[in-house]
Amino acid sequence: MPRFFSSGAARLAALAALLLATRPVQADTVTDWNQIALEAAAKAGLDGNRSSRIMAIVSVAVYDAVNAITPVGKPYHFKTRPASPASADAAAAQAAHDVLVSSFPGQKADLDGRLEAYLRDLPSGAADKANGIAVGAAAAADLIALRAKDGIDAVPPAYTGKTGSGEWRPTPSGLKTGLTPAWSRVTPFVLKAADQFRAPPPPALGSPDYVKALNEVKDLGAASSTKRSEEQTTIAQFWKEDAELPANEMARGLALSHKTPLAKNALIFALVNMAMADARIATWDTKYHYAFWRPVTALNAGPDGSVTAYKDWTPLLETPAHPSYCSGHSATISAGLAVLTHFYGDGNTFSVHTTTKDKEGQPLKARTFKQLSQAEAENGMSRIYGGIHYPFDRLACEKLGHQVAAYVLKTGPHETR
């Protein structure tokens, strides 16, 4: 079951352990603490939106800390120059640690232990480490203060949807209200506003585009589908985990294979995670602006849009508890991979793991790609194979993700040397 439905302690502990097992820590401070941050978010039971926000804050704090010592681009916000000499590795580790402890105080002992071990193993001298630690702590404090009132705590009225044709209402997930309906009120990291790249309206009900899309998801996404191949079923299951996990793994893998220097890694990871966080804010603006019904509702609805029982058609995957249009998975992956493509090009051979398990309780096998765009397209199609999105959900949010990434690359921190 994906993380947006359950926060049981046992399942979260298993997820964190699986993250560690399937996505081994790489030999770079930026990539190491990127994975540590994902594990901390998993242990805390965060949904994809909240996890993307934390990952962006961590990544930006790390970037500003490293960039203060080894300048590679314009600062995001923290501009203080450090005492010299200073260890950029110590700064990166301290910055990530401090953001995570601020966000997850219940994990402080574990995070303190990991930081202590990490700093102990760094080859830098005492002065280098001490100065780097000071820079990292200051950069983290700066970002924590900057994001303290970013709308994360907004509590809107419960969103129960409507009952007319095309209108979202709760689906058979067990949740009676829409998840995070106020997420568009969270302050973006780079975008000017959540609606800056709002997707155009979905196809009109009854239009040829709508009917074609509905029939496609009906045929390919049904739990009992005879038209979906075994490989397509595996794809649906593989990509159902929160999208920030595979996107960050791809970033770590490319950083390792390209031997990207620490300072540039810090910049890339900040841009990747800001693009993904802002793409999710923009997606949630689109979702709740149109409040379009999910395939499971459309395929069980009567002529007036009412649903008396969800029994005529069942999707392969359990439908997330928020409107269908457009796909958050597609926007997140597309935004992150667009940034990676900017730095590394499309042609890269890499493997991606998943936390999804097979029938025997073992993680599904890693999938290998030769292009970032190939992984992006497969992720998008996975939501149709799973029966939880229409094809136009995928296409609209892939475009949205690209638009957000292009804006982040143009407007956010960028290389100056």
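Residues numbered from 1 in each chain as written. Predicted model: local features only at pLDDT ≥ 70, side-chain atom pairs only at ≥ 80, totals over all residues. Heavy atoms only, no water.

Chemist: Is there a simple way to explain empty space enclosed by the protein in this structure?
Modeler: A water-sized probe, rolled over the atoms, reveals where empty space remains. Throughout the structure, instances matching the rule amount to 2 cavities of 30 Å³ or more. There is about 60 Å³ of room inside the second largest cavity. Together, Val30, Trp33, Asn34, Met55, Val58, Ser59, Val62, Ala266 and Phe269 line the second largest cavity. Secondary-structure elements contributing two or more residues to the lining of the second largest cavity are helix H2 (29-43), helix H3 (48-69) and helix H10 (262-290). Of the residues contributing to the lining of the second largest cavity, the split by class is 7 nonpolar, 2 polar and no charged. (1 Å grid on protein atoms, 1.4 Å probe; cavity = no way out; pocket = protein on both sides within 12 Å on 5 of 7 lines; lining within 4 Å. Points joined across faces, edges and corners; volume = space filled by probe spheres on them. Helix = DSSP H or I, 4+ residues; strand = E, 2+ residues; numbered from the N terminus. Nonpolar A, V, L, I, M, F, W, Y, C, P; charged D, E, K, R; others polar.)

Chemist: Any chance you could explain the side chain of Thr332 here in plain terms?
Modeler: Counting through the fold element by element, Thr332 comes out in helix H12 (residues 328-344). Look at Thr332 and you get buried, because its relative accessible area is 0%. Polar side-chain contacts of Thr332 include one of 2.8 Å to the side chain of Arg280. Residues contacting Thr332, with those up to four places away along its chain left out, are Ala243, Glu244, Met276 and Arg280. (Buried < 20%, exposed > 50% of the residue type's maximum accessible area, 1.4 Å probe, protein only. Polar contact = N/O pair within 3.5 Å; in protein donor to acceptor, adjacent residues only side chain to side chain. Contact = heavy atoms within 4.5 Å.)

Chemist: Would you mind going over the nonpolar core with me for this structure?
Modeler: Most often, soluble globular proteins have nonpolar side chains that are buried together. Among the nonpolar cores identified, the biggest contains 116 residues, and Val62, Leu100, Met250, Leu340 and Tyr390 are the most heavily contacted of them. By residue number, the principal contributor to this core is H10, which donates 15 residues. Counting 7 residues, the second largest nonpolar core, distinct from the first, contains Ile152, Trp183, Ala194 and Ile281. (Core = buried A, V, L, I, M, F, W, Y, C linked by side-chain atoms within 4.5 Å.)

Chemist: Help me out: how do you make sense of H12 in this one?
Modeler: Along an α-helix, residues three or four apart share an orientation, since each turn contains 3.6 residues. Between the first and last C-alpha of H12 there are 24 Å, a value that for 17 residues agrees with the 24 Å anticipated at 1.5 Å per step. Burial analysis of H12 places 14 of its 17 residues in the buried class, the great majority of the element. Of the residues flanking the end of H12, it is Gly345, one or two places downstream, whose phi is positive at about 80 degrees. (Expected span 1.5 Å × (residues − 1).)

Taken by themselves, the reported measurements are silent on function.
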